[in-house]
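Reading the structure
What follows is the residue order along each chain.
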Amino acid sequence: MSTKIPYYPGCTLKSTAKNFEDTAKLVASKFDIEFEELAKWICCGAVYGLSSDNVMHKVAPVRNMLRVKKAGGERMVVLCSMCYNTLKRANLYVRKNKDKLDVINAIMYLENATYDGSVKVQHFLEILRDEVGYSNIKKEVKKPLKGLNVAAYYGCLLLRPKEVAIDNVESPTVMEDIVKLLGAKVVNLPVKTECCGSYQTVSQKDIIADRTYLILNTAREMGADVLITSCPLCHFNLDRRQDIAKERHHDFEFMPILYFTQLMALAFGFEEEKLGFEPHFVDPRPALKERGLL
Amino acid sequence: MAEKPRIGVFVCHCGLNIAGVVDVKRVAEEAKKLDGVVFSTTYVFMCSEPGQKVVENAIKEHKLNGVVIANCSPSLHEKTFRNAAARAGLNPYRVEIANIREQVSWPHEHEPEIATRKAIAVVRATVERVKNNMTYIPYEVPVTKAVLIIGGGIAGIQAALDVADAGYEVYLVEKSPTIGGKMLFLSETFPTLDCPQCIETPKMTDVSQHPNIHLMTYSEVESVEGYLGNFNVKIKRKASYVDFDKCTGCTDCLRVCPVKAPNEFDRGLTKRGAIYMANEQAVPLVAVVDEKYCIEVNFQKRVKAGKVKPREKPVCSKCVEVCEADAINLLESNEKIVEVKVGAIIVATGFELMDMKKLPEYGGGEVPDVIDALAFERLLAPSGPTAGVPKRPSDGKIPKSVVFVSCAGSRDPEHGVAYCSRVCCMYLAKQAMLYKHAVPDGRAYNFYIDIRSNGKGYEEFVQRVREEGDLIYLRGKVSKIFRKGDKVVVWGADTLTGQKVEIETDLVVLATAMVPPPEIKKLAAKLRIPTDEYGWLSEAHLKLRPLETVTAGIFIAGAAQFPKDITDTVSQASGAAAKVLTMFSQPKLKREPIVAEVDTEICAGCGLCKEQCAYDAIRIDEKKNISVVNEALCEGCGACAAVCPSGAMRLRNLTKKQVIEMIEVLTENY
Amino acid sequence: MSELKVTESNLEKVDEVIRISGQNIYSCYQCGKCTSGCPSAGLMDIVPSQAMKFLQLGEVEKVSESNTPWVCLSCFICSVRCPKGIDIAAIMEALRLMKLRTNFDYVHPNKIQEEEREILPPIAFVSAFRKMTP
Ligand code: SF4
Ligand code: SF4
């Protein structure tokens, strides 16, 4: 019997991070988990509004949660770190501020239903760790990733602020734990919770390039071949901005950036065509081929 | 009060503390209108000599039989005015305080009218209470002239020597195998740069040789019963498997033990055997066997538990074989309970350092070359594992640069420690200086938020060290520390220049926060003394009774109360000793008579009161089926009276009748 | 060089920052930990801890006219590490909002290059416009 979990994709998982969604579904299928895409989802706003005098930015995330509830769901799984953070924080906010929840419900009157803060927002990594369990993940490994040195990068929004952290705020280990199960070697990345530069990628690319340099250069120094992440924006920044990083820092060396689900799907034995390596700026295939993993 | 009430009300201005908010004149006028009040007045400082005279004179002149002082908290001046009343010939227990400062003028600073009305209400309620106050006479209890001192650090040592020198017996209980405490870890002490070997070890020897001091190392307080002047204490002498009387301290056994356990006397930087001595300066200079690590002891335990079969030959008996004094016996635990009787107790249990695990952004104790300051003391100490030239834990190299990080957990409410640990600024300056002496071409950086050097010679010391050592002081709290290759990277800032700073260094020393030892909560419960929100022992009054606890006969000294340097610790220890000696100078001790009493006619012996009593002052007389209050133990808190379903239990001068009448007055207008 | 004048009317402007951010700026004791960890501190005209101090002194404009709120990454490193539990990132947001609410654009869609528009992920646009346009 398969478990169906209401799934919130968010805009990017349907466009530039389609390969993240596809591989996550492949991974989930191994554990009989079916992502049941929310019928009428809307953009959550990507960032959580930090002002205390404006609830408008919280309406969109709450509306999505209300729709989960309306469809009879009690929880929702999210892949994108940004969406996860926005939804989870909005949810905690309305749980804590009943008066604001009333206002938001009033704004959403056309939904013909009211939200109560009851939906549980979960990141896929939490489900893999807490529900699937490490021993079951290990069982599915068909092609151990021998000889691959992997650095796990978390960025900001899976961990901060504390109340939404999926793991220890300063020293998370969930991705490393999974990497170990896949048979790869974990490389400790001291800057794994540093910011990639986030939305500044739109207008101030140099910021991102320097962040990319710091993170990837450190990963390189620690001996990593590839770096994994769970955020489509981090992925874009760390992958796509490597060209500017190279322009600005001559000792910079390119490094492939993968979604953790791509790495899992690879170890679970899915064929190369399903892993979605084409859109990558820095092609991971040579590095994987070199180690006999493709 | 059988006679007609003749009550005087005295309203204190407390300078502007009260009068700045409360209309004290109006309070006094309103008081005069009250039934039973025959006199009322105000005075600018009632607690001053002339103020007390005002009270005394009024008592005599108006033949007062009850007095209400409207002023500050009773914990400050209740005694003052009770003594004044006694001088004027009035029973001191006819005096009550109406607190119109802490409970009125301070919290209602911005609402004078409300404050004044509240002050009037509080005074009226207290007048009602005093009308029913009775005359009581203090109890006298005998006193056992011996003291128990818990903790053998510099505080316990000083207090022990002071009391013992005055001719009284001292039981000094220390949990570790040697006395000396944290001071014994230190390289040198600021600002005078004395080494503890020179200034502390002589005192330790004095302790061990003093005829009046019974030294009990490797021991813990098991239980405490009794009261002021008459405590019965059970002390557990932990299983050491070594006969301290026979052990000569030859150290032969230490050399043969195959076990490698972390040596806590070097902050885990070195290893020791299962049988070990703290160090060469240990007092007493004897070995102990650490049960947790000894192969043979653990084998014997499993034999006793029936898990393995006994063997003919011991599994390991290396130490026993080499001990010429025949002092070791691994087959039988020598744990025993010793009972002593004492009249007073001094708690001098000191401090611990915050576990680096609590600071994940600083590496969480996982980076080998990030160490705490006590570990660095060991690396700087001539008697330490590196003979005074620091070598870093990871690879034994001499660090060419060291970053010192202040406030690692201190002044940091988000890490649970809002207070300043008070000694770190000073010892970091000292450590930087000693490091420069040991490694002249080394570079020392110090991240600080504020330099706190408020002691005699302290500021001069810091300035001198900064000038002479070419130290780089950076004003900013460090945000992140991590390992990169064989270096440690520190991300800090200098807020004075407004710059973020990154330093790659060989070694980082964290001035981790001073925190109470983890066992303190349990010990405090045994002693029935309170701790503050952090676990430091609470003093009876921060300003005026800093060495006393609220439990009569139990005193505190040193860092057990709050972080302190050695100077303050030693002063406090002598102070606590003086308090004990004052007690011992009296043939009998006086106890407050304001305690609980049982109406034996009504009491049904249900025992609810006994459960409530935090001081173990109540027992149930099985024959008569009533509860009995031990007046010497009772601290007069009233918990029993509040819980008594029949009203049989009552607190003197705060009976149910009095409480209800006070409430009635206070709620009249609602 | 300008001189700092602490005036009542300036201090009142800070109340707006406090109101929007919901943070007590006066609890900052200038430890500097926010600056130590801030990934953008090196680019800022005024580093986060200085920004807190300027705000305490009533100099809202000094901070909101600087590049500081606009090179902030909303990474929350400062907020999770502040020993006083101040959400500095929310204060940066308040400073941005005060400016944006005067109908000010920090990024403009037209200024983004054609090829960038093709490759940027939607969350990049949405978050950047959320943070830096009215
Ligand atoms: S970390 Fe907090 S307390 Fe320290 S300077 Fe920054 S805002 Fe102020
Ligand atoms: S949220 Fe902004 S100010 Fe705070 S650390 Fe991140 S970039 Fe710096």
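Nothing here was measured: the structure is a model prediction, and the numbers come from that model.

Quick word on the interface of chain A and chain B
Each partner contributes residues to the interface: chain A has 10 residues there, and chain B has 8 residues. For the pairing of chain A and chain B, the buried interface totals around 750 Å² over both sides, and the portion due to carbon and sulfur atoms is 58%. On the chain A side of the interface with chain B, the three residues burying the most area are A:Glu170, A:Pro190 and A:Glu194, jointly 49% of the side's total. The shortest N-O distance in the salt bridge between B:Glu414 and A:Lys162 comes to 3.4 Å. Connecting chain A to chain B are 3 residue pairs in polar contact (both at pLDDT 80 or more).

Concerning the pairing of strand S21 (residues 472-475) of chain B
All names here are of chain B. Pairing between strand S20 (residues 443-448) and S21: 4 bridges, direction parallel. Residue pairing across strands places Tyr448 opposite Arg475, the latter belonging to S21. After leaving S20, the chain enters helix H14 (residues 458-468) and then returns to the sheet as S21, a path that is right-handed.

Topic: the state of the cysteines
Residue and element names in this part refer to chain B. Considering all chains together, one arrives at 1 disulfide over all chains under this definition. Between the sulfur atoms of Cys195 and its disulfide mate Cys198 the distance is 2.1 Å. What sets the handedness of the Cys195 and Cys198 disulfide is the S-S torsion sign, and at about 65° it is right-handed. In this structure Cys323 is not part of a disulfide, and its nearest cysteine sulfur, from Cys250, lies 6.2 Å away.

Observations concerning the site of ligand 1
Residues and elements named next belong to chain C. The environment of ligand 1 is made up of 14 residues, and the closest members are Cys28, Cys31, Gly32, Cys34 and Cys82. For the shell around ligand 1, the secondary-structure elements that each account for two or more residues are helix H2 (33-37) and helix H3 (48-56). Tallied by class, residues from the shell around ligand 1 come to 9 nonpolar, 3 polar and 2 charged.

Some remarks on the sheet that holds strand S8 (residues 213-216) of chain B
What holds strands together in a sheet is hydrogen bonding between their backbones, with the strands either parallel or antiparallel. Residues and elements named next belong to chain B. Across the sheet, which stays open at both edges, the 5 strands sit in the order S8-S7-S6-S16-S27 with parallel pairing between neighbours. The two strands at the open ends of the sheet, each matched to only one other strand, are S8 and strand S27 (554-556). Within the sheet, the average angular offset between the axes of one strand and its neighbour, ignoring direction, is 20°. Relative to strand S16 (residues 344-347), strand S6 (residues 146-150) runs parallel, the two sharing 4 bridges. By the bridge assignment, Ile149 is partnered in S16 with Ile346. Lying over the sheet, helix H15 (residues 520-527) contacts S6, S16 and S27, oriented at roughly 165° with respect to S16.

Structural notes on the packing of helix H5 (residues 112-131) of chain B against helix H19 (residues 656-667) of chain B
Residue and element names in this part refer to chain B. Orientation of H5 relative to H19, taken along the N-to-C sense of each, is 155°, at an axis distance of 8 Å. As the angle between them shows, H5 and H19 are arranged roughly antiparallel. In terms of crossing hand, the pair formed by H5 and H19 is right-handed. Across the interface between the two elements, Ala121, Val122, Arg124, Ala125, Glu128 and Arg129 from H5 touch Gln658, Glu661, Met662, Val665 and Leu666 from H19. Of the residues in the contact of H5 with H19, the class split is 6 nonpolar, 1 polar and 4 charged.

Quick look at the domain arrangement of chain A
All names here are of chain A. In terms of domains, chain A is made up of domain 1 (3-124) and domain 2 (133-290). A C-alpha centroid distance of 25 Å is found between domain 1 and domain 2. Taken residue by residue, the interface counts 23 residues in domain 1 and 29 residues in domain 2. Overall, the association of domain 1 and domain 2 removes approximately 2300 Å² of surface from exposure, summing both partners, and the carbon and sulfur fraction of that is 75%. It is Asn19, Phe20 and Lys30 in domain 1 that bury the most area against domain 2; as a group they hold 23% of the surface buried on that side. Taken together, the links from domain 1 to domain 2 amount to 0 salt bridges. There are 6 residue pairs in polar contact (both at pLDDT 80 or more) connecting domain 1 and domain 2. Of the residues that constitute the side of domain 1 that touches domain 2, the class distribution is 13 nonpolar, 7 polar and 3 charged.

Parameters at a glance
- Residues numbered from 1 in each chain as written.
- Chains lettered and ligands numbered in written order.
- Predicted model: local features only at pLDDT ≥ 70, side-chain atom pairs only at ≥ 80, totals over all residues.
- Heavy atoms only, no water.
- Contact = heavy atoms within 4.5 Å.
- Buried area = accessible area lost by both parts, 1.4 Å probe.
- Salt bridge = Lys/Arg side-chain N within 4 Å of Asp/Glu carboxyl O.
- Polar contact = N/O pair within 3.5 Å; in protein donor to acceptor, adjacent residues only side chain to side chain.
- Pairing = 2+ DSSP bridges.
- Helix = DSSP H or I, 4+ residues; strand = E, 2+ residues; numbered from the N terminus.
- Right-handed = clockwise from strand over helix to strand, strands pointing away.
- Disulfide = S-S within 2.5 Å.
- Near = heavy atom within 4 Å.
- Nonpolar A, V, L, I, M, F, W, Y, C, P; charged D, E, K, R; others polar.
- Axes fitted to C-alpha atoms, helices over the stretch in contact; angles between N-to-C directions.
- Parallel < 35°, antiparallel > 145°, perpendicular 65-115°, else oblique.
- Left-handed = near helix turned anticlockwise from the far one by under 90°.
- Domains from an automatic or database assignment.

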